[in-house]
Amino acid sequence: MGGDHPDASPIRVGNEFYLTHSSFDYAPGLLIWHSSDLINWRPVAAALRRYYGSIWAPYLCEHQGRFYIYFPANNGIFVVHADHPTGPWSEPIDLHISAIDPAHIAENGRRFLYMNGGQMAELTPDGLAVKSPPRAVFEPWSVPATTRIECTCLEGPKLLEHNGYFYLNVAEGGTGGPATSHSIISARSRHAEGPWEFSPYNPIVHTQSRDDRWLSVGHGRLVDTPEGKWYTTLHAYENGYRTLGRQLLLLPVEWTADGWFRLLPEIAADSAIPMPMLTGRQEPFFDPSDNFESPELGLQWGFWHEYDSARFETGNGYLRLAAQGKNLADTSVLTTPVGGHSYTIEVDVDIEPGCEAGLLLFYNPEHATGITLGPKGISVRVGNGLTFSHPEDKASRATLRIVNDRQEIDFYFRRPNQEWQQVRESAEISGMHHNVLGGFLDVRPALSAWGSGDATFRSFRYWPRENPPY
């Protein structure tokens, strides 16, 4: 899955597959994706309709016919539940645990929640409260001293019961930092509470060299097909394109005669693999283009640090967004994650007096680049935050275009019934990623509006190439 879809948590429900992943600083949150073949995924719901804080590493699971997502937000662990993965989902319930990366498992009617740092708490039978406080039950695997890592960082537990064993898979080494930092470490036990023994195949997954295509490979969860094939999801940064965030990969695994699992020796993270299911083929990834015909905001969209339904109106071919704040530093932009080394985005924008609105490539409010239309005419913000105005091009309506050519960015605009014009300024964004700026974020297209009045957007278009097909 191209673009930022980290900490994925897939499950199989009959012949269908669902997953969610970290939504971090965007809302709606906990996007639910559906697939029939583990390869082609489409968003079908969002479990959180409001902003609850930065959400890391959620855990989607099923217990006795009911579905749960355990997730961290605001330094605490919460849970939502539903009768089906597509919802409707309950309001979040605070478990009053200060931790991250929760994972659920049950044994003989007892339910447990594992967390970062090897901690585990027993839950009440309904899974909606804590029965006993967290305690340490698992120590990190000793990463060889010859491996360059960011930190020990025992995190990302994922749990599975299979053939008489419970398997605990964790991430170690740090999700950023050096290329070789991240990993998947596995252990097993006869009981959900442990004690745990480490796999002789550790690390199950690990980037071997800074020259590999996929860096900081790790954080995996196993899932099987109805035919009994087994796979692990994992995330990784693409070499040279950390700006895309941690992208979601899939690798087949095999079970050994002595009850462990491992990667197939002939398949690496950048290998092509056979389709998991017998029918179908890999389709192009989800296209975020939007003509705004639906009265509901498309699932590809997420607001930065808020979700205020009173601020926008959509449908009938437009998105009307109320201006907010005085500038980019104090507004909430509307974003969509995308993958690909190069792409083009466009949008038509109409502004009311006092409004400045436009098209951005956004990492956070301090680090973004883009082209806007406002009282000063066309303005361009380049990668280091400098802004250049073109007052000779004042108008209230234009089509704006951004071309991302392998992280070098060009800007264009077109007045109604006129030719395209390229502005003189360009940007470079290769440093907009977690290892430089922190935050575990990605660079993503965004629509913005600040000042006063409204901005009306029409025909947001995305093409996975440097130039549109016209």
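Nothing here was measured: the structure is a model prediction, and the numbers come from that model. (Residues numbered from 1 in each chain as written. Predicted model: local features only at pLDDT ≥ 70, side-chain atom pairs only at ≥ 80, totals over all residues. Heavy atoms only, no water.)

Trainee: How do you make sense of the state of the cysteines when you look at a structure like this?
Mentor: Between two cysteines, a covalent bond joining their sulfur atoms is known as a disulfide. Taken as a whole and judged by the stated rule, the model has one disulfide. Through a disulfide, Cys151 is tied to Cys153; the S-S separation comes to 1.7 Å. On the S-S bond that ties Cys151 to Cys153, the torsion sits near -105°, and the link is left-handed. Judged by its relative accessible area of 22%, Cys151 is partly exposed. (Disulfide = S-S within 2.5 Å. Buried < 20%, exposed > 50% of the residue type's maximum accessible area, 1.4 Å probe, protein only.)

Trainee: I tried to follow unusual backbone geometry on my own but got confused; where do I start?
Mentor: The amide bond that connects Ala27 to the next residue, Pro28, takes the cis arrangement and shows omega of 0°. Relative to the helices and strands, Pro28 resides in the loop between β3 (26–27) and β4 (29–35). A cis amide bond links Gly87 to the next residue, Pro88, at an omega of 5°. Phi is positive for Arg406, which is not a glycine, with a value near 50°. Tracing the backbone through its elements, the reader meets Arg406 in the loop between β32 (397–405) and β33 (408–414). With relative accessibility at 54%, the residue Arg406 sits in the exposed group. (Helix = DSSP H or I, 4+ residues; strand = E, 2+ residues; numbered from the N terminus.)

Trainee: Mind showing me how you'd approach the environment of Tyr18 here?
Mentor: Looking at the element boundaries, Tyr18 is found in strand β2 (residues 16–20). We classify Tyr18 as buried; its relative accessible area is 7%. Measuring from C-alpha to C-alpha, the distance between Tyr18 and Pro85 comes to 7.1 Å, with 67 residues separating the pair along the chain. Once residues within four sequence positions are removed from consideration, Tyr18 is found in contact with Ser9, Pro10, Ile11, Val13, Ile32, Trp33, His34, Trp41, Leu60, His84, Pro85 and Thr86. (Contact = heavy atoms within 4.5 Å.)

Trainee: How do you make sense of the sheet that holds strand β10 (residues 103–107) when you look at a structure like this?
Mentor: Taking strand neighbours across the sheet as the criterion, the four strands line up as β10-β11-β12-β13 in an open arrangement whose pairing is antiparallel. A single partner strand is all that each edge strand has here, and the edge strands are β10 and β13 (130–136). Averaged over all adjacent pairs, the angle separating strand axes in this sheet is 25°, with direction ignored. Pairing analysis gives four bridges linking strand β12 (residues 119–123) to β13, with the strands arranged antiparallel. Looking across to β13, one finds that Met120 is bridged to Arg135. (Pairing = 2+ DSSP bridges. Axes fitted to C-alpha atoms, helices over the stretch in contact; angles between N-to-C directions.)

Trainee: I would appreciate a short explanation of the pattern of salt bridges in the present structure.
Mentor: A side chain with one charge can pair with a side chain of the opposite charge if their charged atoms come near. Going through the model one piece at a time under the given rule, you end up with 20 salt bridges. For Glu313, the salt bridge is made with Arg320, and the minimal N-O distance between the two is 3.2 Å. Assessed through its relative accessible area of 39%, Glu313 is described here as partly exposed. One salt bridge connects Asp350 with Arg458, and the closest N-O pair in it is separated by 4.0 Å. Placement of Asp350 in strand β27 (residues 342–351) and of Arg458 in strand β36 (residues 454–463) is noted, with a sequence separation of 108 residues between them. (Salt bridge = Lys/Arg side-chain N within 4 Å of Asp/Glu carboxyl O.)

Structural measurements only, silent on function.
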